Every structure is written in structure tokens, then in C-alpha cells.
Amino acid sequence: MLDTMHANQDIDLQAIADAADEAARAIPPAWPLASSVAVNPFLGQTDQTLAGTGALLGRATGASITMPRAWYREKIEQGEISDADLKAALSAARETGTPSSLAELKQALASDPAALAAIPTVADLAAKASAIDWPGIASERFGVWAAGHFDAGQALWAAPKDKSAYAAWRAIATHDLTPEIAGLSGFARFVADAPDNASDAIVYCCDRLGLLTESMASYFHRLLSDTGGWAQYARYLLWQAELAEQTDRTILDCLAIRLIWETALLERYDEHIADQWADAIARHAQPARPAPEMVIDAIMQEAHERAFQRQLASMLAASPEPATGYRPALQMAFCIDVRSEVFRRSLEAQDPSIQTIGFAGFFGLTTAHRRFASDEREHRLPVLLNPGLESRSGGPEDIDADRSSRYTARAVRAWGRFKLAAVSSFAFVEASGPLYVVKLVRDALGLSTKTKAADPAPQIVTEQSLDDRVAAAEGILRAMSMTDNFARLVILAGHGASVTNNPHYSALNCGACGGYSGEVNARLLAALLNDADVRQDLQAKGIAIPADCLFLAALHDTTTDQVTIYDQDHDTADHKDDLAETRIWLAAAGARARTERALRLPRADGAQDIHARSSDWSEVRPEWGLAGCSAFIAAPRSRSTGRDLAGRSFLHDYDWQQDDGFNVLELILTAPVVVASWISLQYYGSTVMPEQFGGGNKLLHNVVGGIGVIEGNGGPLRAGLPWQSVHDGNNQAHDPLRLSVCVEAPREAITAILEKHEGVRALFDNRWLHLFALDENGQMAWRYVGKLGWEAVAVACPEKRT
């Protein structure tokens, strides 16, 4: 039957290429561990609704894109989701199969839908026919090869890098007897006889598998989804290449490898699975349309989000009049990261003359940075952008220290390789093992007191004219809505995390800084704004920075809520009293923030337990990261001052009346909002689809290739957030909500920007994000309903304000 299925099919090469490209772009990219950033796992489906994406991913993964229906029923029973929320969500639904009334919706909610099942692959069908776990074997062998091929420096014996991924795999697979031992006889010969390049292999396999043109994209997506994080890492390589206006074919190589497995298995088991395989092809050829049960679940998710929005509207309903006519004693700018909200609120509580500001944590400087004694370029900027600057830590005066640090680093690396080498590792354990007892005990008890010294002050090495520096300073200050009334001391606080034995440490750093901590960008901006020549020329542009105003950089440690001020970067002789008072305020704010955060952390009895978590190598939840993120507010800080937003809101300062031409608003909607959506949807995906888009169990993790983790000793790379990052062991720590974006600006201006940027508009039109326009009182007055339309929001009852 195999021959008759294939004999008369014409090969449409362009259709195959288009289908492969479509499938590749349906896969989200996964950044390596060293610079891990949050990624929207539904990046390839932003042109679809939630229900439509559920249909697509259901056939590819067999997983639901929403929480179990019983979870929503419990929310209704507890009164969290009201009938009004259900009615509003029902009226907003636009898919076919939407219930006609609230009663019909409630009736449907009473029963659970049947579990989803992915369309079977040839490996799935062969496993049923033979009782051999072919999907597991294929995944394991793929993972073993990929771990070596994609290794980024972890392996002592690195695999050759002179071949494409497909060619490198063929060189290994032709000598791998595991498939043949398992029962796939002749597999090595089959691989050796396959086409020499991935493109030809994909065409060859499409012919042998009898694929219909209409089924290819769906089937290819199914196979790439099966490879888990390996395909996502290959998609990252394509992302990086296209950002540099190049291309990369690694993900197509991965597809070709999976197709070779499928084709070999079909030739082996064709007589047993031919009918089932023909049915699978036919199912892939059908459009992915959401079933009525998916539509109902999407409506329930919308209702859950409407319930949250009611609470948020009530909280923002009464805003105090902003205090005017005084000069702040301290201004401190933080990243918009939701963890900053807790600290900002705690700091403002120390003194009414303290003003905090929210801005993207890279502070508008897109720099490729070289750390002290390092030649590696760290892209400390949003992954959506290319570097616009080059910077390095230290200058000519640090050359001797730089050389000494390099020698030390080389010695440490050599010692590390000696400890792990194939022969010397055995002698090392025998001879030196007892000497490490003290270190093991100290580290196990969290008694290590080592602190890493700060790098010398960073310097921009890209040649810039005075006009360039002035333009950069003006643009950043206007984007921060900081054009007058500067305090004597202005602190620019980047953020990072201090954790131990945590492969995902960079995910706790600043996402706007590419997964690195934000102090480099803050120090660079402080130097720029302290430049006397820059300040003088800013006056002509309407920004007068007083002579007694000093900008300093700082680093907010989100794990311990300690703040390090880089006062050694600038002359602080005239600001000693300001700094002394600021340190008192920061210490008190840190203690208050730790107390609040301890309430959410498992096994934390109070603020005193927070520090220990950062140095405990057995702690799987040193902090919650951005778990709970649910809102993005771009408005003057006065709209949220004093409100306990519980560390769930991104707060971006924005005053539209200072924004001529709405250029700053356009920047906010197209950069920080998009980055925040990636964060929000990564947490959503890791919560509702943990097997597909979650990082798995930290207790089982092994770092592989220096780029990711696997569970156990093989299998798919686990991309996304570990389960311990979204669950406390008993309950979810993250409430799966699509982000509600609240912007205080004229609706006409917001609409014009959406009309200009189709990609951003798609996020709102398909409700991956919710959008609200705040009125002149800071209330959520208008809801964006798609297709550039708005509807009025019922006025919320204001909370009492003191």
C-alpha cells in the first residue's frame, strides 16, 4: 500500500518549502540559559484567537490552552467570577459554536470536556502496533545527538562544528545501533541512503510518507512540537540570524531528521498502520477549527480576566491629586518589572518627599557590553532590538587589573577542566576530595560570605558626537517624563537576582537587558546625565538639570531586596548627607518589602528568612520572579500611588501631555508592552501547558550543552519556566491571566499607533492582551474591542482613599 500511496503524487517543491517555513515559525524561540529571557510561547499564533490557537495546538500537542473546566467552576462557586463577568465574556465571543445564552453557557460548564489527543505520528502508530516506545526512542536519540551538536562550551570534548545539523546527525546516526537493537532493522543504512541535504530529505520523505499538500504544515508542526525545546532552540538561532538580516536553516534540519525517523518507521510497519496513517494525513489536511468545547473554555478564561479587571478598575477608580510645588528629596527610577512595584511602594512609604519612577530597565541604551576582563559581548537590551552601542567595563587605567583577572580566570578554567577530565577526575577525587569537606558543609548551610566585587565603571566605546549624546539624553528623559523638578539626588536602579545552584538564574534578571542584570545600563546613563556638556545643551531643549543634581546608578537585588549604590562612579562630596539619608530609607524599604514577600514564599516565616534563600543551594524557590503579573499601567505614578498592587503590575511612568507627537506612547506600545506580553504569556503557557511550554521539575534537571535543561539523563530540552516557578507545591503561584494594559492617553492617539503597527494590533485584536484607555481621572473608561474600535466601561465604585 505504501507504494500506491506514493506513486502518482506530484511533488510541489514550493508548497513543501512554504509548509516547512510555516511550521518553523509556529514554534517559539528559546534563548540559552546564560541570557534567558521570557518568550511568548504563542508567538507563532498571534494572528489567531485563544480558541483558534487551542485548536491548532491541540492537534499538535494534545494539550488544552486553558485551565481545566473544574478550575473555572471553583472560581464561580467562590464568587470570584460573577454572572456579569460571564455575560460580558459571552457577548465578546465571536467564534462559531458560542452558546446563545448565559443559561446555555452554565449548562455546558457543568460537565468536563473529553481530553484532547494530538493527531498521531507514524512513531505513535508504530508504537501501538509493536509495543515498542518508538516516540521515546526517537526523542532520546535525537536528544543525545542534539546535546553534543548544540553544546556551547559545557562539554570537555566538543563535537565538530563544521557541518550542518542534518549532516552532523547523519554522521552519528549511520553508526548508532540503538534503533536497530530496539527493532528498527536497517535504520543506519536507511539514513546513509537518504539525501545528503535537509531540503532534499524533506522532499524525499514527503513523497515516501504520502503527504497531501494541505496536510504538510500541520504535520510538520506536530513533529517539531514533539522535539520540545530542541526545536525552540533552533528557532532561536533563526531569530538571531534574521535580527542580523541573515538566515539559519537549523530548524529545517531538525524537521528533516524527524521526517527520516517517520519514513523509516512507516517502511517498517506499513502493513500494520497504513489505514491509521492515511486517516492521520486526512485529519492534518483539515483546517484547525475550535470545537464548541474549546470556545466555551476560551469564554471562561475571558470571564476570569474580566473578574480581575473589575478589581483593577475599582482600585484605580479614585486617584489622589498629585502633590505639586515641592522639590523631591529623592527621585529613584526603577525597571517596570512587577517586582519593583513592591519595593517602590515600600520606599515611598518612608517619606512623602520620595518620588519613584518606572521605566524599561535597559534605560534606553541598547548596548553590547564587554564585562571586565572578558571579550564576550553581552547584549544588554531587549531581544527585539539590535545593539546601537558598544561598551566595556574599565578603561586604560584598569589594564593591569584586567590582565591579572584574565590570568586568574584562565587558571580557574584550567583547574575546572582538570577536575572533570576523563582520566584526572578519578585521581582528583581520591586525592583532593577530603579537602572539600569544609566547603561542602559551608555551602550546604548557606554560610558562604563571598561577594563578587563590582566591575569598574562601564564606558561607551562607540564614538559619539556631543549632538548624539544630547539627543540620547533628551530622548531618554522625555520617555521617562523627567523634564523638570529634578531632585538633588536621582538614582537609576537596574535590577538583578542573587541565587545559588540555579540554572535559570538569568530568567530572574532583567528581561529588558537580555537576561542580564541592569546595573551596566544604569551606570552608563548616570554618566551621560552627569556630563556637563550634555546638561548645558539640554537647557536649549527645555530640560534644565540643576547644578546640584547628581545622578547615581544602583542595583536592586530582587531576591534579597537590597540595593547597591555605585557612588564610587562619581564625585559625591556634596551629597554625603543625601546619600546617608537615602541608605536609611532604602534599608527600611528593603525590610518592609521582604516582610511582604515572605508572606507568599513557602517556608518563609518572615523577612529574616529571605537572605538565606539566595545562598541556599537546595532552595527551588528563592523568589517568585514575575509570577502573578497581570497588568501594565502607563500613566503618571499618582494614578497608582498608595495602591497595593501586590507586585502584579508593570508600572511605566507616562504623561501624555508632555508627549508631543505621541512618539513616547508609540515607543511604549511597541516595545515595553510587547516585552511585558512575552513575560505574561510565558507564565501563562508554563501554567496551563506545563508539559509543552514549561521547564519541568527543578529536582530532576540536568544542564545540557550550557544552553538548557533536561529532566533526567536524556530526552527533549525543557524550555519555559520550571514548575516550581509557577506552583508552590500545593497551589498555583501564578494566576493565568492575559495582561491588561491600561494607558492614560487619548484614544485617538492609541488607535493611530495600532493602525500603524499591525503586529501590535494583532495582540490586542485577538485578545492576547487587553487594552484600556484611562480618562483624565485615571479611571479605566474605555475598552478596546478590536478592529480599532472602543466601548465604554462602566464606572467602577472607587475605593476609599486616605
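Whatever comes next refers back to the structure up there.
Residues numbered from 1 in each chain as written. Predicted model: local features only at pLDDT ≥ 70, side-chain atom pairs only at ≥ 80, totals over all residues. Heavy atoms only, no water.

A. Representation of the pattern of salt bridges. Tallied over the entire structure, the rule returns 49 salt bridges. Here Asp297 makes a salt bridge to Arg69, at a shortest N to O gap of 2.9 Å. Remark: Arg69 occurs in helix H4 (residues 69-77) and Asp297 occurs in helix H16 (residues 292-316); sequence separation between them is 228 residues. Asp297 gets classed as buried once you look at its relative accessible area, which sits at 8%. Among the ionic pairs, Arg339 bridges to Asp337, the shortest N-O distance being 2.9 Å. Note on accessibility: Arg339 and Asp337 belong to one class, buried. (Salt bridge = Lys/Arg side-chain N within 4 Å of Asp/Glu carboxyl O. Helix = DSSP H or I, 4+ residues; strand = E, 2+ residues; numbered from the N terminus. Buried < 20%, exposed > 50% of the residue type's maximum accessible area, 1.4 Å probe, protein only.)

B. Representation of unusual backbone geometry. Unusually for a residue other than glycine, Asp561 sits at a positive phi of about 55°. As for its position among the elements, Asp561 is in the loop between strand E8 (550-557) and strand E9 (562-565). Positioned with a positive phi, Ala646 is a non-glycine residue whose angle comes to about 60°.

C. Broad picture of the pairing of E9. With four bridges joining them, E8 and E9 adopt antiparallel strand pairing. Its bridge partner being in E9, Asp557 is matched across the sheet by Gln562. In sequence, E8 turns back onto E9 through a hairpin of four residues, with Asp561 there showing a positive phi of about 55°. (Pairing = 2+ DSSP bridges.)

D. Just helix H12 (residues 198-209), in detail. Counted at 1.5 Å a residue, the expected span for H12 with its twelve residues is 16 Å, and the 16 Å between its end C-alpha atoms agrees. The N-terminus of H12 is capped by Asn197, whose side-chain oxygen sits 3.2 Å from the backbone nitrogen of Ser199. One or two steps after H12, the chain reaches Gly210, where phi turns positive at roughly 70°. (Expected span 1.5 Å × (residues − 1). Polar contact = N/O pair within 3.5 Å; in protein donor to acceptor, adjacent residues only side chain to side chain.)

E. View of the environment of Phe486. Relative to the helices and strands, Phe486 is located in the loop between helix H21 (466-479) and strand E7 (489-496). For the pair formed by Phe486 and Phe551, sequence separation is 65 residues and the distance between their alpha carbons is 10.0 Å. If near-sequence neighbours (up to four positions away) are discounted, Phe486 is found in contact with Arg327, Gln331, Leu477, Ile543, Ala544, Ile545, Pro546, Cys549 and Phe551. (Contact = heavy atoms within 4.5 Å.)

F. Looking closely at the sheet that holds strand E19 (residues 789-792). An order of E11-E10-E16-E17-E18-E19 is seen for the six strands of this open sheet, with the pairing classed as mixed. Here the strands that pair on one side only, and so sit at the sheet edges, are strand E11 (649-653) and E19. Sheet twist, expressed as the mean angle between neighbouring strand axes with direction ignored, is 25°. Pairing of strand E17 (residues 770-774) with strand E18 (residues 780-786), which is carried by three bridges, proceeds in the antiparallel orientation. (Axes fitted to C-alpha atoms, helices over the stretch in contact; angles between N-to-C directions.)

G. Fine view of the side chain of Thr559. Within the element layout of this structure, Thr559 appears in the loop between E8 and E9. Relative accessible area serves as the criterion here: at 0%, Thr559 is assigned to the buried category. Looking at Thr559, its side chain comes within polar contact range of the main-chain nitrogen of Ser498, at 3.3 Å. Among all residues touching Thr559, those that are not within four sequence positions of it are Ala497, Ser498, Val499, Arg597, Ile610, Ser614, Pro622 and Glu623.

H. A look at the pairing of E11. Burial analysis of E11 places five of its five residues in the buried class, which makes it a mostly covered element. Of the strand pairs in this sheet, strand E10 (residues 631-635) and E11 are connected by five bridges, and their pairing is parallel. Along E11, the bridge assignment pairs Ala635 with Asp653.

I. Layout of the environment of Ala173. Turning to its location among the elements, Ala173 is positioned in helix H9 (residues 165-173). Residue classification places Ala173 among the buried positions, given a relative accessible area of 5%. Sequence separation of Ala173 and Ser630 is 457 residues, and the distance between their C-alpha atoms is 46 Å. Setting aside residues no more than four positions away along its own chain, Ala173 makes contact with Ala188 and Val191.

J. Quick peek at the packing of aromatic side chains. Counted under the stated rule, the structure contains 25 aromatic pairs. Taking the centre distance of 5.2 Å and the plane angle of 20° together, the rings of Phe42 and Trp768 count as stacked. Here Trp768 lies in the loop between helix H30 (758-765) and E17 and Phe42 lies in the loop between helix H2 (13-25) and helix H3 (50-61), a separation of 726 residues in the sequence. In this structure Phe42 comes out as buried when scored by relative accessible area, which is 0%. Measuring from centroid to centroid gives 6.4 Å for Tyr166 and Trp169, while their planes differ by 35°, and the two rings are tilted. (Phe/Tyr/Trp six-rings, centres within 6.5 Å; stacked < 30°, edge-to-face > 60°.)

K. Seen up close, the packing of helix H5 (residues 83-92) against H16. The N-to-C vectors of H5 and H16 enclose an angle of 125°; their axes lie 8 Å apart at closest approach. If you check the angle between H5 and H16, you find them oblique. Of the two elements, H5 crosses H16, and the hand of that crossing is right-handed. Of H16, the residues touching H5 (which contributes Asp85, Leu86, Ala88, Ala89, Leu90 and Ala92) are Ile299, Met300, Glu302, Ala303, Arg306, Ala307 and Arg310. Of the residues that constitute the contact of H5 with H16, the class distribution is nine nonpolar, no polar and four charged. (Parallel < 35°, antiparallel > 145°, perpendicular 65-115°, else oblique. Left-handed = near helix turned anticlockwise from the far one by under 90°. Nonpolar A, V, L, I, M, F, W, Y, C, P; charged D, E, K, R; others polar.)

L. Focus on the state of the cysteines. Taken as a whole, this structure holds zero disulfides when the rule is applied. Cysteine Cys510 is unpaired, with the sulfur of Cys513 as its nearest cysteine sulfur at 3.5 Å. You can see Cys742 has no disulfide; the closest cysteine sulfur is in Cys629, sitting 14 Å from it. (Disulfide = S-S within 2.5 Å.)

M. Representation of helix H6 (residues 102-109) in the model. Among the residues of H6, Leu102, Leu105, Ala108 and Leu109 are the ones counted as buried. For H6, the buried positions fall inside an angular range of 125° around the axis, keeping them on one side. Projecting away from the buried face of H6 at angles above 90 degrees are the exposed residues Ala103 and Gln107. Where H6 is buried, its residues touch H4, H5 and H16. (Arc of directions from axis to C-beta.)

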